[in-house]
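# Coordinates in review
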Amino acid sequence: MKLHRNTFKQALLAPAGAEVKPQFGLFLGLAHAISAEIVADTGFDWLLIDNEHGPNDLATTLAQLQALAAYPVAPVVRTANHDPAAIKKLLDIGAQSFLVPMVETGEQARALVRATRYPPAGIRGVGTALARAAHWNGVTDYFAEADGEICLTLQVESRAGLDAIEDIAAVEGVDGIFVGPSDLAASLGHLGRPGHPDVVATVGDALARIAATGKAAGVFATDPEAARAYCAKGARFAAVGVDTLLLRNAAVRLAQSFNDTTRAVAGAAY
Ligand SMILES: O=C(O)C(=O)C[C@H](O)[C@@H](O)CO
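The structure displayed is predicted, hence computed values, not measured ones. (Residues numbered from 1 in each chain as written. Predicted model: local features only at pLDDT ≥ 70, side-chain atom pairs only at ≥ 80, totals over all residues. Heavy atoms only, no water.)

## Brief notes about the overall build of the protein
Within the protein, the regular secondary structure consists of 12 helices and eight strands. Here the C-alpha radius of gyration of the protein, 18 Å, is about what a compact globule of 270 residues would show, namely 18 Å. When the backbone C-alpha atoms are referred to their principal axes, the protein occupies close to 60 × 40 × 35 Å. Counting all 270 residues of the protein, 48% fall into the buried class. Of the contacts formed within the protein by residues at least 6 apart in sequence, a portion of 61% connects residues at least 24 apart. Carbon and sulfur atoms make up 58% of the accessible area of the protein, which totals about 12,500 Å². (Helix = DSSP H or I, 4+ residues; strand = E, 2+ residues; numbered from the N terminus. Rg over C-alpha atoms; globule rule 2.2 N^0.38 Å. Buried < 20%, exposed > 50% of the residue type's maximum accessible area, 1.4 Å probe, protein only. Contact = heavy atoms within 4.5 Å. Areas by Shrake-Rupley, 256 points an atom, 1.4 Å probe, with all protein chains shown as cover.)

## A word on the sheet that holds strand β2 (residues 46–50)
The parallel closed barrel is built from eight strands, whose spatial order is β1-β2-β3-β4-β5-β6-β7-β8. Neighbour-to-neighbour, the strand axes of the sheet open up by a mean angle of 25°, direction not taken into account. By the bridge criterion, four bridges tie strand β4 (residues 97–100) to strand β5 (residues 151–156) in an arrangement that is parallel. In the strand pairing of β5, Phe 98 is matched with Leu 152. Running at roughly 160° to strand β7 (residues 216–220), helix α10 (residues 197–213) makes contact with β6 (176–179), β7 and β8 (235–242) of the sheet. Across the sheet, helix α11 (residues 224–232) touches β1 (23–28), β7 and β8, and the angle it forms with β8 is around 165°. (Pairing = 2+ DSSP bridges. Axes fitted to C-alpha atoms, helices over the stretch in contact; angles between N-to-C directions.)

## Some remarks on the UniProt feature "domain: HpcH/HpaI aldolase/citrate lyase" (unreviewed entry) in the protein
Residues given the UniProt feature "domain: HpcH/HpaI aldolase/citrate lyase" (unreviewed entry) here are residues 23–250. Secondary structure content for residues 23–250 is 41% helix and 19% strand, and the end C-alpha separation is 24 Å. (UniProt positions renumbered as here; feature names shortened; annotations may be inferred.)

## Re the pattern of salt bridges
Opposite charge on two side chains permits them to pair, given that their charged atoms come into close proximity. For the structure shown, the criterion picks out eight salt bridges. In this structure, Arg 209 engages Glu 166 in a salt bridge whose closest nitrogen and oxygen atoms are separated by 2.7 Å. Note that Arg 209 is positioned in helix α10 and Glu 166 in helix α8 (residues 165–169), a separation of 43 residues in sequence. Three or more residues joined by partner-sharing salt bridges are found here, namely Arg 5, Glu 145 and Glu 149. (Salt bridge = Lys/Arg side-chain N within 4 Å of Asp/Glu carboxyl O.)

## Considering the environment of Leu 26
Counting through the fold element by element, Leu 26 comes out in strand β1. Residue Leu 26 is classed as buried on the basis of its relative accessible area, which comes to 1%. When the C-alpha atoms of Leu 26 and Asp 45 are compared, they prove to be 8.6 Å apart, with 19 residues separating the residues in sequence. When sequence neighbours within four positions are dropped, the list of residues in contact with Leu 26 reads Val 39, Phe 44, Trp 46, Leu 47, Leu 48, Gly 241, Val 242, Asp 243 and Leu 246.

Shown next as structure tokens:
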């Protein structure tokens, strides 16, 4: 059995100058295989299983990875934090692409790369007999190929992270840097206002800086115009929605068409 090739990594790392189509994704916070499978064939390039803010755990993440495996969409797993033991378990259940929140130094980036690699490049523990990732020792040459199919993207979403963009990008094994406008807005004194002009300008500058390093720049923007503007600034992957918001907003609009309800439709995601 051959190891699954990471098409998300291939898309993000397309050679500079190549005709690179930005990869558009959706955050998944409903934490169930059914809701993940419902959106699996809707046309997104990637779907993010969120373990930071979404109520996901290892079991729900596994179920969604299994559900998505049948579809031409790339699963990305956002970790809750930088814990190498938690990353090891996510690797072993088969996650190949990661988004790690709140990275603020090159040192943190180096530690995160090591958490996703086997020795000697890293500290990932060996347990392939128990790992879906290796199809329980069914994948031939797993140890020779596993590290190469890992896609590690890190979130810069604070003033300190902004200051460290080039240091983080310089770390071998970091494939992309994703700007989180909501947490960055909070760090810049604009809590709840990711669309504030100062935040928008700062995000755009950060994307351009990331792209200039040669690493893939990523961003979160639920406003289509903002997402396209950020892609023009250098974003190569963009999360443009959240499943929870899609559900709630559709329900609010449908109810309003029958009842005299005035519930607000959630705009930008936070
Ligand atoms: O800080 C951000 O922006 C992100 O990291 C995305 C957030 O998690 C949130 O906006 C998703 O709803």
